[in-house]
Amino acid sequence: MTTLVLGGTGFIGRRAVRRLAERGQRVAVMDVNPRAASFDEFGDLVSVMYGDITNFEDVVKAVLASRPDRIMNLAYLLGSGDDTPHFTMKLNVLGMDNCFEAARVCGVNRVVYASSVAVSGQQSAFGDRLVNEDDPMHGTSQYAMHKRFNEFQAQQFNSVYGMSITGIRPANVTGPDKVRGSTDHVQCVTLPASGEPARFPKSGFMRLPVHVEDVAEAFVRVTLADSSHHPVYNTGGTPISLGDLADMVRRYLPDANISFDADGGREESGNYLVDNSRLLGEFELEYPPLASRVRDIINDVRRDNGLPPV
Ligand SMILES: NC(=O)c1ccc[n+]([C@@H]2O[C@H](COP(=O)([O-])OP(=O)(O)OC[C@H]3O[C@@H](n4cnc5c(N)ncnc54)[C@H](O)[C@@H]3O)[C@@H](O)[C@H]2O)c1
């Protein structure tokens, strides 16, 4: 089986590609930054090409060149993109349309794409309860609106053409090399791991970290399935305040210099109570405890800095 991964050299994509190749799957990668990751260890199993998802021809060419059985779309503008609305809309919304339409015209029925926990908006819209995929979406940022519209696009292609397109809503993905998107919960771990101080506005901000390897595995399992029971799945994660995350880091690094300007922030936090039972149940996923993932990240960073593991 061959999978075409759009945006496959990014933070989640490079891990999803490796996980597919480790299973002996053929993978074709299309990205505007084709050299951002190397898959040389997999030889001919993984091929990488330049292509821009905003250009329909590029996407069709990538599909015709690789003849995939599956397409995974991770190409997106991470971060708000609020200062470039035209560019951001082309990448996030037209790019998704190009992916779905190229899949359709080339006869690829199964597509998996990234939505986001951001579709839900603030936790305060729901009160103090878990939110599942059937709950109303309250996200209003440009990024959230684009993800909400992506879910609508997928629903249209599924209902009009009978395609099998499934979305995954990652929570706050974390890992040693994350530089785009939500990063305070990442820096709370990576800065002290390399001996640098970390300072944040409020200790009560709630986050929902989930390790990038666990998210990559979720994308792989959902993509390899012929279909899914639901149109969209929450990855969920572990709800934790930045203050408590700092305490978790101090368990491994007692001298970590992490400070906060103020308490509070919980009431301003995005959706952090998320029901992920659909994804974990249907695709038999289990995440290691957050503390062990935090330790993994600390040790990844320390290894890169020539420091001994903790
Ligand atoms: N990282 C997170 O915390 C998180 C959380 C929720 C949802 N998601 C979603 O997961 C997906 C992947 O996120 P990520 O963290 O790997 O982001 P990333 O920025 O690391 O990866 C995106 C990839 O898309 C590529 N790309 C950008 N513009 C392109 C274009 N015009 N044509 C082709 N490729 C292009 C980039 O070069 C990059 O390799 C995105 O849809 C993102 O919104 C991520």
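The structure presented is a predicted model; accordingly, all values stated were derived computationally and were not measured. (Residues numbered from 1 in each chain as written. Predicted model: local features only at pLDDT ≥ 70, side-chain atom pairs only at ≥ 80, totals over all residues. Heavy atoms only, no water.)

Located in the positive-phi region is arginine 67, a residue other than glycine, with phi close to 45 degrees. Relative to the elements of secondary structure, arginine 67 occurs in the loop between helix H2 (56–66) and strand S4 (70–73). (Helix = DSSP H or I, 4+ residues; strand = E, 2+ residues; numbered from the N terminus.)

Below, the discussion takes up the domain arrangement of the protein chain. Annotation of the protein chain at the domain level lists domain 1 (2–173 + 212–236) and domain 2 (175–207 + 238–270 + 288–304). Here the C-alpha centre of domain 2 lies 27 Å away from the C-alpha centre of domain 1. Every contact between the two is made by 14 residues of domain 1 and, on the other side, 16 residues of domain 2. For the pair domain 1 and domain 2, the summed buried area comes to about 1100 Å², and 44% of that belongs to carbon and sulfur atoms. Linking domain 1 with domain 2 are three salt bridges, by the criterion used here. A salt bridge links aspartate 177 to arginine 14; the nearest nitrogen and oxygen atoms lie 3.3 Å apart. Elements that contribute at least two residues to the side of domain 1 that touches domain 2 include exactly helix H1 (13–22), strand S7 (172–174) and helix H6 (212–224). Among the elements that take part in the side of domain 1 that touches domain 2, H6 stands out by supplying three residues, more than any other. Residue classes in the side of domain 1 that touches domain 2 are distributed as four nonpolar, six polar and four charged. (Domains from an automatic or database assignment. Contact = heavy atoms within 4.5 Å. Buried area = accessible area lost by both parts, 1.4 Å probe. Salt bridge = Lys/Arg side-chain N within 4 Å of Asp/Glu carboxyl O. Nonpolar A, V, L, I, M, F, W, Y, C, P; charged D, E, K, R; others polar.)

Inspection of the secondary structure assignment puts aspartate 177 in the loop between S7 and helix H5 (184–193). With 133 residues separating them along the chain, aspartate 177 and valine 310 place their C-alpha atoms 19 Å apart. With sequence-adjacent residues up to four places away left out, aspartate 177 is seen in contact with Phe11, Arg14 and Arg15. Among the polar contacts made by the side chain of aspartate 177, one reaches the side chain of arginine 14 at a distance of 3.3 Å. (Polar contact = N/O pair within 3.5 Å; in protein donor to acceptor, adjacent residues only side chain to side chain.)

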